[in-house]
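# Close look at the chain arrangement
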Amino acid sequence: MDQKRIKVMATLTMALVMSLLVACNTSPIKTDNTEEAEVLPSNPILKKGEAGFLYVADPAAEVFDGKVYVYASHDQPDAKSFNSMQDYLVLESSDLKTWINHGVVLKPREYSWASGQMNAPDVAYKDGWYYFYFPYEKTHVGVAKSRTPIGPWEEAVTDKITSIFDPTVFVDDDGQAYIYGNDHKVDIGAPGWHVMGAKLKSNMTELDGPWIRLSKEQVNEAVTVFKRDGKYYFLARRGARTEYFMSDTPLPSSYATHMGPMTPDQTDSPAHTSAIEFENQWYLFYHRSDVNDGTFFRRSASFERMDFNEDGSIKMVQFSPEISASKVPGSRKLKPPKAVN
């Protein structure tokens, strides 16, 4: 066999071997520069018909020890108002794809001092304890504590620590803790409803100073706070959408800068949100009532990717699936706060 034919046959053999290797290897070869697959939300998190399904509202997402925990209020399946809200549940995930539904973990009405409507909660960690902040009688703030993110929870106090609407707690990088909310249904300072903030003492159960007004503009409710690249973000519902404010400090001496809307309208349920960074991506958690045969009073937790512009401002978050424009039974028209002279 001459040399030319040998070279041709060798080339054809090598091509055949390479094609077989490619056919057998259906997975792409990963390199150090290969990005992980993007987490695509499959909303809502809990779906009607699944085992242990509950209506999950006011999701307060936190990251503890590399896992996401969502602390939420609980809408009753026959609710026709918010008065029946009475306990709290926890969802857990290590990848935002598979969720563990721990169900109801805290029933504050079992405490002798807590009663009435129990809406949006939050949880914070400090010095080996997880602190569960929950409202009762709409605006009084109680606290339970646990050594683990899911409980069991025990009383941390025997009375309210303060009164504010939709309490949320943030622990800064230096360990200083702050509590935020708004004075909707609570008379604090100037007339109207504003973003409010205060320091917490190191015991996490007492205020360390007065409430401070942080926004010039009024907000309806649902204040939440996070920090990114040295900037503080204050989110709140104004009308049917979530808007936000920015500041260089957690308790600005002058008002935080109003940045405007960051979500489309949520026509059928109050826009209560929280925000976390998980595996180098930011996510916005919220609830909606156009899924799971929901209503204004039967909501379901969901989440979306949240991205930022170079100047730190938040890009508009898009809901998936897109929120239905049609009204569902029991829906309400969400109005922005009235102007105050």
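See above for the structure.
Residues numbered from 1 in each chain as written. Predicted model: local features only at pLDDT ≥ 70, side-chain atom pairs only at ≥ 80, totals over all residues. Heavy atoms only, no water.

### So, the pairing of strand S1 (residues 55-64)
Going by this rule: Summary of the burial criterion: residues with accessible area below 20% of their type's maximum are buried, those above 50% are exposed, and those between are partly exposed, where the area comes from a 1.4 Å probe applied to protein chains only. Comment: elements are numbered from the N terminus, with helices defined as DSSP H or I runs of at least four residues and strands as E runs of at least two. Strands were regarded as paired on the criterion that DSSP finds at least two bridges between them.
Judged by how many residues are buried, S1 sits mostly within the fold: nine of ten residues are covered. Here S1 runs beside strand S2 (residues 67-75); their pairing, made up of eight bridges, is antiparallel. When the sheet's bridge partners are listed, Ala 60 is paired in S2 with Tyr 71. If you look at the hairpin formed by S1 and S2, you'll find two residues sitting between the two strands, and Asp 65 has a positive phi there, around 50 degrees.

### As for the sheet that holds S2
Going by this rule: To obtain each axis, a line is fitted to C-alpha atoms, and for helices this fit is confined to the stretch in contact; angles are then taken between N-to-C directions over 0 to 180 degrees.
Taken together, the four strands give an open sheet; going across it, the order is S1-S2-S3-S4, and neighbouring strands pair in antiparallel fashion. Only two strands of the sheet have a single partner each, and these edge strands are S1 and strand S4 (100-106). Strand-to-strand twist across the sheet, computed as the mean angle between neighbouring axes with direction ignored, equals 25 degrees.

### Considerations on unusual backbone geometry
The step from Gly 151 to Pro 152 runs through a cis peptide bond, and the omega angle for that step is 10 degrees. Within the secondary structure, Pro 152 sits in the loop between strand S7 (140-146) and strand S8 (154-155). In this chain, Ser 320 is followed by Pro 321 through a cis amide linkage whose omega measures -10 degrees. When you line up the elements, Pro 321 lands in the segment after strand S20 (300-306). Of note, the phi angle at Glu 279 is positive, near 50 degrees, even though the residue is not glycine. As for its placement among the helices and strands, Glu 279 is situated in the loop between strand S18 (274-278) and strand S19 (281-288). You will see that Asn 292, though not glycine, has its phi angle at about 55 degrees, which is positive. Assignment of secondary structure puts Asn 292 in the loop between S19 and S20.

### Re the packing of aromatic side chains
The way to describe two aromatic rings as a pair is by their centre distance and the angle between their planes. For clarity, the cut-off: Aromatic pairing here means that ring centres of Phe, Tyr or Trp (its six-membered ring) are within 6.5 Å. Orientation follows from the plane angle: under 30 degrees is stacked, over 60 is edge-to-face, and everything else is tilted. For a ring to carry a charge above it, either NZ of a lysine or CZ of an arginine must fall within 6 Å of the ring centroid while also lying within 35 degrees of the normal to the ring plane.
Tallied over the entire structure, the rule returns 32 aromatic pairs. Taken together, a centroid distance of 4.7 Å and an interplanar angle of 50 degrees make the contact between Tyr 125 and Tyr 130 tilted. Look at Tyr 125 and you get partly exposed, because its relative accessible area is 38%. Taking the relative accessible area as the measure of exposure, Tyr 130 reaches 6% and is therefore buried. In this structure, Arg 228 packs its charged tip against the face of Phe 308, placed 3.9 Å from the ring centre. When the ring centre of Phe 296 is taken as reference, the NZ or CZ atom of Arg 332 above it lies at 5.8 Å.

### Observations regarding the pattern of salt bridges
Note on pairing: side chains with opposite charge can pair once their charged atoms come close. As a reminder of what qualifies: Criterion for a salt bridge: a side-chain nitrogen of Lys or Arg within 4 Å of a carboxyl oxygen of Asp or Glu.
Evaluated as defined, the whole model comprises 13 salt bridges. For Lys 227, the salt bridge is made with Asp 173, and the minimal N-O distance between the two is 3.0 Å. In this pair, Lys 227 is assigned in strand S14 (residues 221-228) and Asp 173 in the loop between strand S10 (165-171) and strand S11 (177-182), connecting sequence segments 54 residues apart. The partly exposed category is assigned to Lys 227, whose relative accessible area is 24%.

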